[in-house]
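Next come the chains, spelled out residue by residue.
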Amino acid sequence: MTKAPEVPNSPSISMDTPAPKGGGADRVELMQTFVRIVEAGSLSAAAALLGTTQPTVSRRLQMLERSLGLRLLQRSTHQMKLTEDGERCFVRAKELVASWEAFEADLRGTGEEPEGTLRVLAPHAFGQELLVAPLVSFLERYAGIKVHWFLSDREPDFIAEGIDCAIHVGELRDPSNVAITLTDVPRIVVASPDLLQDRPMPAHPQDLVQMPWLALTTFYRNDITLTHKTTGERARVAFDARMSTDSLYVLRSAALRGLGVGVSSAWVMAEDVAQGRLIQLLPQWRSTALPMNLIYPYAKHYPARLLRFVEAMRAAVPMVINNEQRKIRDL
């Protein structure tokens, strides 16, 4: 531990002295001070961190030792060392202080404006378009929050990447994370009028087998199963894709240029279908809808900014997706 001079002429502490009643500092504040002393390495450094004076820090330490009836630190003019009891106390005090600070932050968030920075991972296509409006509304509502908005279709390693939460489309791999369901994302089969110009309109999924295909590698590569929404009949379509991509936008662009048939989140293609640039094939048949979840690692306490973000996305995202789907339903 870093060497530090002790306050001269510090009064001796009698372990038989009863704990003070009605003192100016409560137990949590005394524990916070003790933790800061150990982490900072000296009373003066702890005082600077706490925004107070060295005599005040020394006095709080003495009060804590009296209240516990234990010597926590061995101090001399040139060094400071935890006693055996101090080692045990530090471990427990650090846990207590962390829990209390999280508890206070949570309570403050219910009555005051939440603050701080939120690091969010969002899917590429959704994060560039549909989720921007809910994000802007959230930031306009909570002026004290900043958001770092990252785009990726994968499920993150929250701890390693320093991500607070993620909006994820598709199945989840890590069951230890908290998963809040936002909505389901329907998928449809589309092709351009040019691709269908010299071909009969498909009447059954098996009619798609001989057509050129585009694959979206994050969800399907060489085959896809379609389900009739009325009868529940299921049909598997196998193919050798002419082009594969992990981008919804690339798939859309290739489909618009007549390269092949593609299966995509309905909202991406909704405007093109509504304007006749793409044709929805087999409208009674759908690929399995993809779940959209907001996920974050489990913890005993969550900052108010995360809780408010979850609330905002649960309210906004289903409406945004539904509005896009309506473009197809109303045709």
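Refer to the structure presented above.
Now for a quick tour of the structure. The model shown is predicted, which means the values in this text are computed figures rather than measured ones. (Residues numbered from 1 in each chain as written. Predicted model: local features only at pLDDT ≥ 70, side-chain atom pairs only at ≥ 80, totals over all residues. Heavy atoms only, no water.)

## With respect to the overall build of the protein
Rules: Labels follow the DSSP assignment, with helices taken as runs of H or I lasting at least four residues and strands as runs of E lasting at least two, numbered in each case from the N terminus. Each residue is placed in one exposure class: buried if its accessible area under a 1.4 Å probe, protein chains only, is under 20% of its type's maximum, exposed if it is over 50%, and partly exposed if it falls in between. In what follows, a contact means two residues having at least one pair of non-hydrogen atoms within 4.5 Å. Only the protein chains shown count as cover for residues, and all accessible areas are computed by the Shrake-Rupley method using a 1.4 Å probe.
When helices and strands are tallied, the protein shows eleven helices and 13 strands. Counting all 331 residues of the protein, 44% fall into the buried class. When contacts within the protein are restricted to residue pairs at least 6 apart in sequence, those whose partners lie at least 24 apart make up 73%. Element-wise, carbon and sulfur atoms account for 50% of the exposed surface of the protein, whose accessible area totals about 17,400 Å².

## Structural notes on the pairing of strand S9 (residues 234-238)
What counts is decided by this rule: Any two strands are treated as partners once DSSP identifies two or more bridges connecting them.
The side-chain alternation of S9 yields one buried face, formed by Ala235 and Val237, and one unburied face, formed by Arg234, Arg236 and Ala238. As paired elements, strand S8 (residues 223-228) and S9 share five bridges and run antiparallel to each other. Across the sheet, residue Leu226 finds its bridge partner in S9, namely Ala235. The antiparallel hairpin formed by S8 and S9 contains five residues in its connecting segment, where Gly232 sits at a positive phi of about 80°.

## Regarding the packing of aromatic side chains
We apply this condition: Side-chain rings of Phe, Tyr and Trp, where Trp is taken by its six-membered ring, are said to pair if the distance between their centres is within 6.5 Å; with planes under 30 degrees apart they count as stacked, over 60 as edge-to-face, and otherwise as tilted.
Per the stated rule, a full pass over the model turns up eight aromatic pairs. Residues Phe138 and Phe309 carry aromatic rings whose centres are separated by 5.2 Å and whose planes lie at 80° to one another, so their mutual orientation is edge-to-face. Taken together, the positions of Phe138 in helix H6 (residues 132-141) and Phe309 in helix H11 (residues 304-329) put the pair 171 residues apart, joining distant regions of the chain. For the ring pair Tyr296 and Tyr302, a centre distance of 5.2 Å and an interplane angle of 80° mean the geometry is edge-to-face. Of the two residues, Tyr296 and Tyr302, both sit in the buried class. One aromatic cluster is present, built from ring pairs that chain together Phe138, Tyr142 and Phe309.

## Brief notes about the nonpolar core
Let me state the cut-off plainly: Here the nonpolar core consists of buried residues drawn from Ala, Val, Leu, Ile, Met, Phe, Trp, Tyr and Cys, with membership extended through side-chain atoms lying within 4.5 Å. Note that domain bounds follow an automatic or database assignment of domains.
Of all hydrophobic cores here, the largest spans 64 residues; its most connected members are Phe126, Leu208, Trp213, Tyr220, Leu294 and Phe309. No fewer than three residues from each of domain 2 (116-184 + 292-330) and domain 3 (186-289) sit in this core. Membership of the second largest hydrophobic core comes to 21 residues, among which are Leu30, Met31, Leu73 and Ala93.

## Remarks on the pairing of S8
Of the two faces of S8, the one lined by Ile224, Leu226 and His228 is fully buried and the one lined by Asp223, Thr225 and Thr227 carries no buried residue. Of the strand pairs in this sheet, S8 and strand S13 (residues 285-296) are connected by three bridges, and their pairing is antiparallel. The partner of Thr227 across the bridge, within S13, is Arg286.

## Considering unusual backbone geometry
You will see that Leu282, though not glycine, has its phi angle at about 50°, which is positive. Of note, Leu282 is situated in the loop between strand S12 (279-281) and S13. Judged by relative accessible area, Leu282 falls into the buried class, the value being 6%.

## Details of the packing of helix H2 (residues 43-50) against helix H3 (residues 54-68)
Our working definition: Think of each axis as a best-fit line through the C-alpha atoms, taken over the contacting stretch in the case of a helix, with angles from 0 to 180 degrees between the N-to-C directions. With respect to orientation, any angle under 35 degrees is reported as roughly parallel, any angle over 145 as roughly antiparallel, any angle of 65 to 115 as roughly perpendicular, and every other angle as oblique.
Between H2 and H3, whose axes approach to 8 Å, the crossing angle comes to 105°. Relative to H3, the element H2 lies roughly perpendicular. On H3, the residues touching Leu43, Ser44, Ala46, Ala47 and Leu50 of H2 are Gln54, Val57, Ser58, Arg60 and Leu61.

## Some thoughts on the environment of Thr183
Within the secondary structure layout, Thr183 lies in strand S6 (residues 178-191). What makes Thr183 buried here is its relative accessible area of 16%. Spatially, the C-alpha atom of Thr183 lies 6.3 Å from that of Pro291, the residues being 108 residues apart in sequence. Excluding anything up to four places from it in sequence, Thr183 contacts Leu290, Pro291, Met292, Val317, Pro318 and Ile321.

## Quick look at the packing of helix H9 (residues 248-256) against helix H10 (residues 266-274)
Our working definition: Crossing handedness follows the turn of the near helix against the far one: under a right angle anticlockwise gives a left-handed crossing, and clockwise gives a right-handed one.
Interaxial distance between H9 and H10 falls to 10 Å at its minimum, and their mutual angle equals 30°. On the basis of the axis angle, H9 is roughly parallel to H10. Once H9 is placed against H10, the crossing between them reads as right-handed. From H9, Leu248, Tyr249, Leu251, Arg252 and Leu256 reach across to H10, where they touch Trp267, Val268, Met269 and Asp272.

## Details of the side chain of Ser265
Locating Ser265 in the fold gives a position in strand S11 (residues 262-265). On the basis of relative accessibility, which here comes to 3%, the residue Ser265 falls in the buried class. With residues near it in sequence (within four places) discarded, Ser265 still touches Val185, Pro186, Arg187 and Leu248.

## Describing the pattern of salt bridges
What counts here: One speaks of a salt bridge when a side-chain nitrogen belonging to Lys or Arg is within 4 Å of a carboxyl oxygen belonging to Asp or Glu.
The final tally for this structure, using the stated rule, is nine salt bridges. The residue Arg308 makes a salt bridge to Glu311 at a minimum N-O spacing of 3.1 Å. With Arg308 and Glu311 both in helix H11 and three residues apart, the pair spans about one turn of that helix. Arg308 sits in the buried class, given a relative accessible area of 11%. Given a relative accessible area of 43%, Glu311 falls into the partly exposed group. A network of salt bridges, in which partner residues are shared, links Arg36, Glu39 and Lys94.

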